[in-house]
Every structure is written in structure tokens, then in C-alpha cells.
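Per-entry structural report
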Amino acid sequence: MEAAGVPVRPVLDDVGRTNPFFHVGVWADGPDGAGLRPVDECTATEADRQVAHVRGRLARGSDGPAAVEWRVAASLFHQGLATRLLSPVLAAGLCHGVLLDARAFGWRPGAPIEPATRQRTAEPVRGGAAGLADWVEETVVTGVAARVAEALTAAGRVAPGLLRGNTAAALAGAVRALGADRPGVRAAAEAVARDLLARPALAGTGAYRGVDAEGLAVFRRTTCCLYYRVPGGGLCGDCALRD
């Protein structure tokens, strides 16, 4: 059966069960959609508002937002958002064979990231894993995630290379979570990730280094997201600072 025009809502309901990072709501007209802004149109002001929100959440129990550096909160916001963009797009393509468009996602700057989409139907993936990698690169890696990164660098001091590393780490994290939850797509998910990591947009940001006891590919990035600088923070599993 031709997959063009596949309703998006059942796809969202299914992939959203993987974990909260895969959940995308429906951006409805009327009161339920009030306050939503297109993520793809993120401004420096909106990015700065979100960084302030993240600083406040990270600083709970410490001496207030000043205890968390702006660039640290900016980095963690970007990685969290990149994960919320990449996870459902990958899952929709790998599990349902359809193209979920992150450019249709909306959010509420200054609040927890809970994306919703205006997309109602989806076109089929064409070209297998390589075709899906093309779509992810165009719409997320060099698309929405890159534009949010540009807004952050316009709002304050945060290294562009670190933000590229965040996108790579978000990609690897999404692939790992999806592969653990749905072993049937694990190999295809890792193939898409390896393809994207070899492309210029993410080249040099990290690489896979073998597999763990569960058979999941282990990713190690070349930059640090700075989480260790949060009061009480530590090193992430894929951190470049690990031995």
C-alpha cells in the first residue's frame, strides 16, 4: 500500500511510547496551541529565555541561577532539544517508514521542552537508510538544530563545535534508546547514525567504539557538554573527558 499521506497521529502515539524524548504532541488551533512558537524560527531572545529557564532548574538546591554558567545551561538546553528533535524523526522513519518533519514542530520558550507538530500527514521514506539519513541531515542536523545553535551563539558565548558535538551525542542517544526498546530496528538505526557521523556536518564530533554487553553500539564524543560543571554533576557516559 502506498504510504504517502499516512496520518501522523498514530505514528506519534506509537513512537512516543519509547521514552519521553520521543513524545511529540499535536499542535492544535485554538487555546491548546496558544503560546507555541515554531522551533525552526528560534530567535536569540527566545534561546536566552530558554537558557534562563534551564539555569533555574539546574540550580535548584544551590545558590540560585548564578551557580550555573550561562554557557553550561545553553549547552544542556541545546542537547536536550536536539534529542527531542532527532528521536521522533528517527523513530518515525525507522519504525513506520514515514518522514516526520521537525520544521513543523512548535515549543514554548521559557518552559520545559514539550514539542508539538502541525504536521498531519507524512510522506514515505525513499532510498532506505541513506534516504532517511538525508532527511535527518536536511531537516534536523543542518536544519532546526543548527538554527537553534545559531540563535544560542548570537545570544551568548558558547562554542559552535560543542553544539555540533551535542547534536552528535543526541543522535547517538536517540539511536541507542530506540535500539534498546525495539531491537528489530537496531541495526538500521545504527547504520543511519554512522552515515550521519561521517558527513561533513558532524564529522569529527565522535565515533562508535565497539558494543556493550547488551549488543548496543557505544558512542564516545570528542567534546564535552559541560554537565560536569553543574553543581553535583558528573561525566556523561559518552564524555570525551572519560579515560
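Quick note: structure is the one above.
These figures come from a predicted structure and were not determined experimentally. (Residues numbered from 1 in each chain as written. Predicted model: local features only at pLDDT ≥ 70, side-chain atom pairs only at ≥ 80, totals over all residues. Heavy atoms only, no water.)

**A look at the packing of aromatic side chains**
Overall, the coordinates contain two aromatic pairs when judged by the stated rule. On the basis of an interplanar angle of 5° and a centroid distance of 5.8 Å, the ring pair of F77 and W107 is categorised as stacked. With a gap of 30 residues between them, F77 in helix α3 (residues 70–96) and W107 in strand β4 (residues 105–107) connect regions that are remote in the sequence. Exposure class is identical for F77 and W107. Each is buried. A ring pair is formed by Y208 and F219, whose centres lie 5.8 Å apart and whose planes are at 70°; its orientation type is edge-to-face. Here Y208, found in strand β7 (residues 206–211), pairs with F219, found in strand β8 (residues 217–221); they are eleven residues apart in sequence, far enough to count as distant. The two residues Y208 and F219 agree in class, both being buried. Sitting over the face of the ring of W27, R118 holds its NZ or CZ atom 3.7 Å from the ring centroid. (Phe/Tyr/Trp six-rings, centres within 6.5 Å; stacked < 30°, edge-to-face > 60°. Helix = DSSP H or I, 4+ residues; strand = E, 2+ residues; numbered from the N terminus. Buried < 20%, exposed > 50% of the residue type's maximum accessible area, 1.4 Å probe, protein only. Lys NZ or Arg CZ within 6 Å of the ring centre and 35° of its normal.)

**Notes on the packing of helix α2 (residues 44–58) against helix α4 (residues 128–155)**
At their nearest, the axes of α2 and α4 sit 8 Å apart, and the two run at 80° to each other. With respect to each other, α2 and α4 are oriented roughly perpendicular. For the pair formed by α2 and α4, the contact residues are A44, A47, D48 and V51 on the first element and A151, L152, A154 and A155 on the second. Partitioning the contact of α2 with α4 into residue classes produces seven nonpolar, no polar and one charged. (Axes fitted to C-alpha atoms, helices over the stretch in contact; angles between N-to-C directions. Parallel < 35°, antiparallel > 145°, perpendicular 65-115°, else oblique. Contact = heavy atoms within 4.5 Å. Nonpolar A, V, L, I, M, F, W, Y, C, P; charged D, E, K, R; others polar.)

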